Amino acid sequence: MEIDALRQRLKEIVGQDFVLSSNVDLMLYGYDAYLEMRRPDVVVIPENTEQVSQVVRLAYEEAVPVTARGSATSLSGGPVPLKGGIVIHFSRMNRILEIDVVNKRARVEPGVITLDLQTAVAKKGLQYAPDPASQKTSTMGGNVGENSGGPHCLKYGVTTNHIMGLKIVLYDGEVVDTGGKAPDRPGYDLTGLLVGSEGTLGIVTEITVRLIEQPEAIKTLLGIFETIEDASNTVSAIIAEGIVPATLEMMDRLVIRAVEESVHAGYPQDAEAVLIIELDGLKDGMERIADRIIEICLANKVREVKVAKDETERNILWTGRRGAFGAVSRLRPNYMVCDGTVPRTKLPEVLRRVTEIGREYNLPIGNVFHAGDGNLHPLILFDCRNEEETARVREAGTKILRLCVDAGGTISGEHGIGLEKLHEMSFIFSPDDIAALWKLKNAFDPVGGFNPGKVLPSLAS
Amino acid sequence: MNIVQLKKLQYEEVAKCTRCGFCLPNCPTYAVRRNEASTPRGRNAITRAIIEGRLELSDDLAEAIFTCLGCGACTKACFPAVNTKDSVFSDRACLTEVHANPKIFEKLSEALNEYHNISEDDNEDRAEWQEYLKDVPGEFIEKDHAEIVYFVGCVASFFPMAQKIPADFATIMYHAGLDFTILGGEEWCCGFPLIGAGMPEKVAELKAHNLEKIKRVGAKKAVFSCPSCLHTWKHLYDTDIELLHSSQLLRDLVGQNKLDLKPVELKVTYHDPCDLGRNTGVFEEPREVIKSIPGIEFVELPNNRNMSVCCGGGGNVEMVAPDLSAAIAQRKIEEILSTETKTVISSCQQCLRTIVTNARRQNIELNAMDLTQLVLKSLSQK
């Protein structure tokens, strides 16, 4: 089918106003927060599952690729339409369909902003736990696609631990439900399979999530350290003690400075590292645990521990952390974030090596990361307008991920593989492993129409 | 403006955009249009693509570039603080250069050139609002020399719905014993609409005229009830005289006990105009004035101060996309109603006009008042 005819058919499905194909629109739907850009052939903004189903069926019949997109905050190229085709933008499917307080479940469309869901359930005394730093703009569909994490996932688990069921559109447009409100669904765990599949297996059009009670009390501490090593040792020591804080977030000097220039979160600019340690849960006993944490900090040579006195002070500390990625772009226009994970005990050693890699490639690297679960985020700063520098950044990024794998970790904590880390998949999986994953992919997507070129490297390579 | 100049002015600025998308929920146009072209991130990407030669300057860009409200909310949500508003206005100047701008702006420019006001009225009629004055002698309003010049602005001069504002403000200043005057027919448009129209170079003549007239009056201060006039003066006019907004002057009068404020039993909320609040930094003065009136019950809007959401009247959007402007106004009205107040106070005639017009269209019962009107109401109570 000619492209114009395809666009016409799409207009019949979603309406004239919600099919975009101007030169400008196609450029604008070619990016996320990663480096690569590709143009789709057409963009649709559907209103409901039925429309999505019809769009996917048409794409299947015409052998056109389909790529789903939410707010495109992703860091590994997930929604970049590598092979062109149709981009489905979920901005209009942004309704919270149900909040079931008694059963502690919510049903949402994929375009719902994560924070909007959190705010809505908070009014009913409940909480949706995963809290990606981009929560104020990221969509639930995107969180499902990338299996997003966030600071509080140390205690509560990542997105997949909170998804009870999905409505998905299969490759030929058929719509199926993979779960629902009930726990322990029998049969294959299709929900678990779909979460984190980055739109390569199906298109999610409805999400049922688990809600939990809001904690009775929250206490937020800021530990200020003279060395990264001391901060890392503190993290290991806290966990070793059997304490599971809600968050254990670390930022190094470069990031601290960038954040302070941006929002004045009250991090001391001469410190080498800060830790945001947050406790939540029952009020009883919290003081005791906080005291114990402070003791551990002191035993690991902390310079000072500050305690947020109220909600305002707590918010300021978190604003700094959530804005850390954006803040470093005050230093250089671009950053690449290496989302590797390592065993906690390896943190000091790996961070030391990361610094060395920065020196070796002559690139500034800042660190802001989920220390509690060993999920690093070295931010390599550069200017993508400098091609030579950009090439060095890619090499350094690969080297850092290799380092994580060699330390017993892996190549992605929460940002997905996308098109960024196809090559690095071979650090983790053997060719046989990859071939097995391809069989799974082919079972769901026999024509290879869903977000082609992502997650799985081609078998030839 | 050509692409070389655009690059010089805006390339480093838009290069700071990492496409993180934190601006999306803050943009009123995205909330309505739901497409990437209506996001600050998208607009930054367009500017960058123009500079890098990946996009031609063409009519295709007009929809994205001429629908930015210039409200600045995106910059407040942006950690590298990319100034999207100014880049977009530069883009507009580039599109204007190649005649890919909306034709309505050419008409606007011709009107300003011929009439020196935006409503194509005889500029001598600028003082028409004085018909609303009750007990202020005319000689107090138009003097050759005065300490303060009140720069009324086009909307308040010519649009009947807004003409009560200068009348009330002049009445308050008169009763407070201030030595002030207006420029009358010698007040020309400040040039603000031309910046949003992508014709910044045409501001020069208007600016020179206004500066010359104000100098002749020998004024030490210029006071504005229009935040956009004030913003234009502050940023584009090079002058040593003190520039302040009516809300700041009112706050000073309250502080000096020069206003005999009497009780007004009313529950009100306050809408921060973008050009007064976020873009000029005046947040507290209007609130202090409101709270100084006995009997007032004051509630904040959910999105206030730096997070205030544009009324839909910014950036000349109303002229090119009235449906978008109206839909944004509708959301503003819903936000106001969510506070369970029936009265919204603002300090901008344009915001009030946008809000009132759209409320009327929908038969929504909503009272919208300028701060000066609220103060005069209080002064007039028995």
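Being a predicted model, the structure only gives us computed values, none of them experimental.

**Q** In this structure, what is going on with the overall build of chain A? I would like to understand it.
**A** Scanning chain A from terminus to terminus reveals 16 helices and 18 strands. In terms of overall size, chain A behaves like a compact globule, its C-alpha atoms giving a radius of gyration of 22 Å where 461 residues would be expected to give roughly 23 Å. Counting only C-alpha atoms, chain A reaches 70 × 55 × 40 Å along its principal axes. Across the 461 residues that make up chain A, the buried fraction comes to 59%. In chain A, of all internal contacts separated by at least 6 residues, the share reaching a separation of at least 24 is 72%. Roughly 17,900 Å² of accessible area belongs to chain A as shown, and the carbon and sulfur atoms make up 49% of that amount.

**Q** Is there a simple way to think about the packing of aromatic side chains in this case?
**A** In this description, an aromatic ring pair is defined by two values, namely the gap between the centres and the angle between the planes. All names here are of chain B. Here the structure, examined in full by the defined rule, presents ten aromatic pairs over all chains. Where F224 meets W233, the ring centres are 5.5 Å apart and the plane angle is 55 degrees; that geometry is what we call tilted. Of the residues examined, F224 reaches a relative accessible area of 0% and is grouped as buried. Classification of W233 by relative accessible area gives buried; the value is 0%. An aromatic cluster is built from F151, F224, W233 and Y237, whose rings are joined through pairwise contacts.

**Q** For this particular structure, what's the right way to read the sheet that holds strand β10 (residues 203-210) of chain A?
**A** Sheet strands pair by backbone hydrogen bonding; their relative direction is either parallel or antiparallel. All names here are of chain A. The antiparallel open sheet is built from five strands, whose spatial order is β5-β6-β10-β8-β9. Of all the strands in the sheet, just β5 (96-100) and β9 (175-177) have a single pairing partner and so form its edges. Averaged over all adjacent pairs, the angle separating strand axes in this sheet is 10 degrees, with direction ignored. Where strand β8 (residues 163-169) lies against β10, six bridges are found, and the strand directions are antiparallel. What sits directly across from K167, in β10, is E206. Taken strand by strand, helix α3 (residues 49-61) contacts β8, β9 and β10, and its axis lies near 50 degrees from that of β8. Contacts between helix α4 (residues 114-122) and the sheet are confined to β5, β6 (105-108) and β10, with β5 contributing the most and set at about 35 degrees to the helix.

**Q** Would you mind going over unusual backbone geometry with me for this structure?
**A** Negative phi is the rule for most residues except glycine; trans is the rule for most peptide bonds. Residues and elements named next belong to chain A. In this structure, A72 takes a positive phi of about 55 degrees despite not being glycine. With respect to the secondary-structure elements, A72 resides in the loop between β3 (66-69) and β4 (86-89). Residue classification places A72 among the buried positions, given a relative accessible area of 4%. The residue N451 is not glycine, and still its phi comes out positive at about 40 degrees. Along the chain, the position of N451 falls in the segment after α16 (431-444). Its relative accessible area of 3% is what places N451 among the buried residues.

**Q** Explain a negative patch on the surface to me, please; I cannot follow it from the model alone.
**A** Among the surface-exposed residues, D122(B), E124(B), D125(B), E128(B) and E131(B) lie close enough to one another that they form a single negatively charged patch. With a relative accessible area of 68%, E131(B) lands in the exposed category.

**Q** I would appreciate a short explanation of the pairing of strand β4 (residues 242-245) of chain B in the present structure.
**A** Two faces, one strand: in a regular strand the side chains alternate between the faces of the sheet. Residues and elements named next belong to chain B. Sheet topology places strand β3 (residues 221-224) next to β4; four bridges connect them, and they run parallel. Each residue of the ladder has a partner; that of F224, found in β4, is H245. With helix α12 (residues 227-236) bridging β3 and its parallel neighbour β4, the resulting β-α-β unit is right-handed.

**Q** Help me understand the domain arrangement of chain A in this model?
**A** Reports of interface size often rely on the accessible area that becomes lost once the parts have come together. Residues and elements named next belong to chain A. Segmenting chain A into domains produces domain 1 (1-214), domain 2 (215-327) and domain 3 (332-421). Computed over C-alpha atoms, the centres of domain 2 and domain 3 are 22 Å apart. With 17 residues of domain 2 in contact, the opposing surface of domain 3 contributes 21 residues. Interface area, domain 2 with domain 3, both sides summed: about 1,500 Å², of which 67% is carbon and sulfur.

**Q** What is the right way to look at the pairing of β3(B) in this model?
**A** The sheet contact formed by strand β1 (residues 148-151) of chain B and β3(B) spans four bridges and is parallel. Looking across to β3(B), one finds that I148(B) is bridged to K221(B).

**Q** What is the right way to read the interface of chain A and chain B from this model?
**A** Opposite the 40 residues of chain A that make contact, chain B presents 32 residues. At the boundary of chain A with chain B, total buried surface from both sides reaches about 2,800 Å², with 56% on carbon and sulfur atoms. Taken together, the links from chain A to chain B amount to two salt bridges. Two residues, E36(B) and R69(A), come together in a salt bridge whose shortest N-O distance is 2.9 Å. There are 15 residue pairs in polar contact (both at pLDDT 80 or more) connecting chain A and chain B. Looking at the side of chain A that touches chain B, the elements with two or more residues in it are α2 (23-28), α9 (253-263), α11 (311-322) and α12 (324-328) of chain A. Per-element tally for the side of chain A that touches chain B: the top contributor is α2(A), with five residues.

**Q** Whenever I open this one, the nonpolar core confuses me. Can you help?
**A** Grouped burial of nonpolar side chains is what soluble globular proteins tend to show. Judged by nonpolar contacts, the single largest core of 60 residues is most densely connected at W233(B), L249(B), L259(B), I290(B) and V375(B). Contact partners of W233(B), with chain neighbours within four places excluded, come to F151(B), C190(B), N210(B), L211(B), I214(B), F224(B), T239(B) and L243(B). Core analysis: the second largest hydrophobic core is formed by 57 residues, F225(A), L279(A), I400(A) and L401(A) among them.

**Q** Could you clarify how one ought to interpret the pattern of salt bridges in this entry?
**A** In this structure the tally under the stated criterion is 56 salt bridges over all chains. With a closest N to O distance of 3.3 Å, K167(A) and D177(A) form a salt bridge. One end of the pair, K167(A), is in strand β8; the other, D177(A), is in strand β9, with ten residues separating them in the sequence. Between D179(B) and K143(B) there is a salt bridge, and its shortest N-O distance comes to 2.8 Å. Residue D179(B) is found in the loop between α9 (164-175) and β2 (180-182), and its partner K143(B) is found in the loop between α7 (103-115) and β1; the two are separated by 36 residues along the sequence. If you follow the salt bridges from partner to partner, you end up with E98(A), D100(A), R107(A), K181(A) and E206(A) in one network.

The rules we used
- Residues numbered from 1 in each chain as written.
- Chains lettered and ligands numbered in written order.
- Predicted model: local features only at pLDDT ≥ 70, side-chain atom pairs only at ≥ 80, totals over all residues.
- Heavy atoms only, no water.
- Helix = DSSP H or I, 4+ residues; strand = E, 2+ residues; numbered from the N terminus.
- Rg over C-alpha atoms; globule rule 2.2 N^0.38 Å.
- Buried < 20%, exposed > 50% of the residue type's maximum accessible area, 1.4 Å probe, protein only.
- Contact = heavy atoms within 4.5 Å.
- Areas by Shrake-Rupley, 256 points an atom, 1.4 Å probe, with all protein chains shown as cover.
- Phe/Tyr/Trp six-rings, centres within 6.5 Å; stacked < 30°, edge-to-face > 60°.
- Pairing = 2+ DSSP bridges.
- Axes fitted to C-alpha atoms, helices over the stretch in contact; angles between N-to-C directions.
- Patch = residues over 30% accessible without salt bridge, like charges linked within 9 Å, V, L, I, M, F, W, Y side chains within 5 Å.
- Salt bridge = Lys/Arg side-chain N within 4 Å of Asp/Glu carboxyl O.
- Lys, Arg positive; Asp, Glu negative; His and termini not counted.
- Charge placed at Lys NZ, Arg CZ, Asp CG, Glu CD.
- Right-handed = clockwise from strand over helix to strand, strands pointing away.
- Domains from an automatic or database assignment.
- Buried area = accessible area lost by both parts, 1.4 Å probe.
- Polar contact = N/O pair within 3.5 Å; in protein donor to acceptor, adjacent residues only side chain to side chain.
- Core = buried A, V, L, I, M, F, W, Y, C linked by side-chain atoms within 4.5 Å.

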